[in-house]
Amino acid sequence: MKLLEERVLKEGNALNENILKVDGFINHQIDPELMQAIGEDFAEHFKDSGITKIVTIESSGIAPALMTAHAMHVPLLILKKSPSKVLNENMYQTIVTSYTKGTSYELTLASHLISERDHVLIIDDFLANGEAATGAIRLIRKAHATIAGVGILIEKSFQPGRAKLEEQGFSIYSQVRITKLDQGVIELMEQ
Ligand code: 5GP
């Protein structure tokens, strides 16, 4: 997606060969016009997929996922991160390990908000090792809902997330694909 590619190149801050900071327009301060364009682009890409719900992981995925849900006229479901391991029979729960942060968290979803009739689109800001997306997929499967695809704003294509998800047969659409990062260096894949 041209607009997001331009913003990443102009305002993204590559800290090292693994981490890109996008605090000025996605992760800390949010550009609502950009989010609207992102939502419309996902909606256009997945328009014939029969999607009934958008699912995202708190908190960075919420803004683009909400705009996608708005453009597709479906509800947004936010998977909540919680440090506790309290068992709750009304919740689907799974543990996700964040390699970026070196921590684990419990991802939770209230069971009454999703059913086997749902066909969902997962939206997240970054795809790196695919742990967050895989955790979301595990929860959605616990509810016997089906997955139409995964929409990502920024994919780090040199990390294994895409391959992991494609191996399981998922359709992934990334608006920006990064082939290389280094301090002050951002290289994109031609799309
Ligand atoms: P994964 O689970 O695919 O390894 O990582 C995805 C999650 O980690 C995303 O939801 C995002 O919050 C975070 N993340 C991974 N890589 C980056 C990065 O380079 N920059 C930022 N800002 N977040 C990242």
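Refer to the structure printed above.
Residues numbered from 1 in each chain as written. Predicted model: local features only at pLDDT ≥ 70, side-chain atom pairs only at ≥ 80, totals over all residues. Heavy atoms only, no water.

## What to know about the packing of aromatic side chains
Then step 1. If you walk through the whole model with that rule in mind, you get two aromatic pairs.
Then step 2. When the centroid spacing of 5.8 Å and the interplanar angle of 90 degrees are considered together, the rings of F42 and Y173 count as edge-to-face. Linking F42 in helix 3 (residues 32–45) with Y173 in strand 9 (residues 172–182), this pair joins segments that are 131 residues apart in sequence.
Then step 3. Here Y173 falls in the buried class, since its relative accessible area comes to 15%.
Then step 4. Ring centres of F46 and Y173 lie 6.4 Å apart, and the angle between their planes is 70 degrees; on these two criteria the pair is classed as edge-to-face. In this pair, F46 sits in the loop between helix 3 and strand 3 (53–57) while Y173 sits in strand 9, placing the two residues 127 residues apart along the sequence. (Phe/Tyr/Trp six-rings, centres within 6.5 Å; stacked < 30°, edge-to-face > 60°. Helix = DSSP H or I, 4+ residues; strand = E, 2+ residues; numbered from the N terminus. Buried < 20%, exposed > 50% of the residue type's maximum accessible area, 1.4 Å probe, protein only.)

## A word on the environment of D31
Then step 1. Counting through the fold element by element, D31 comes out in the loop between helix 2 (23–27) and helix 3.
Then step 2. With a relative accessible area of 18%, D31 lands in the buried category.
Then step 3. Residues D31 and A63, 32 residues apart in the sequence, show an inter-C-alpha distance of 9.4 Å.
Then step 4. Side-chain polar atoms of D31 contact the backbone nitrogen of L34, separated by 3.1 Å. (Polar contact = N/O pair within 3.5 Å; in protein donor to acceptor, adjacent residues only side chain to side chain.)

## Considerations on the pattern of salt bridges
Then step 1. One pass over the full model with this rule turns up eleven salt bridges.
Then step 2. The salt bridge partner of R177 is E155, with a shortest N-O separation of 3.0 Å. Remark: E155 occurs in strand 8 (residues 146–156) and R177 occurs in strand 9; sequence separation between them is 22 residues.
Then step 3. On the basis of relative accessibility, which here comes to 16%, the residue R177 falls in the buried class.
Then step 4. The class for E155 is buried, based on a relative accessible area of 1%.
Then step 5. Through salt bridges that share partners, E155, R162, E166 and R177 make up one connected network. (Salt bridge = Lys/Arg side-chain N within 4 Å of Asp/Glu carboxyl O.)

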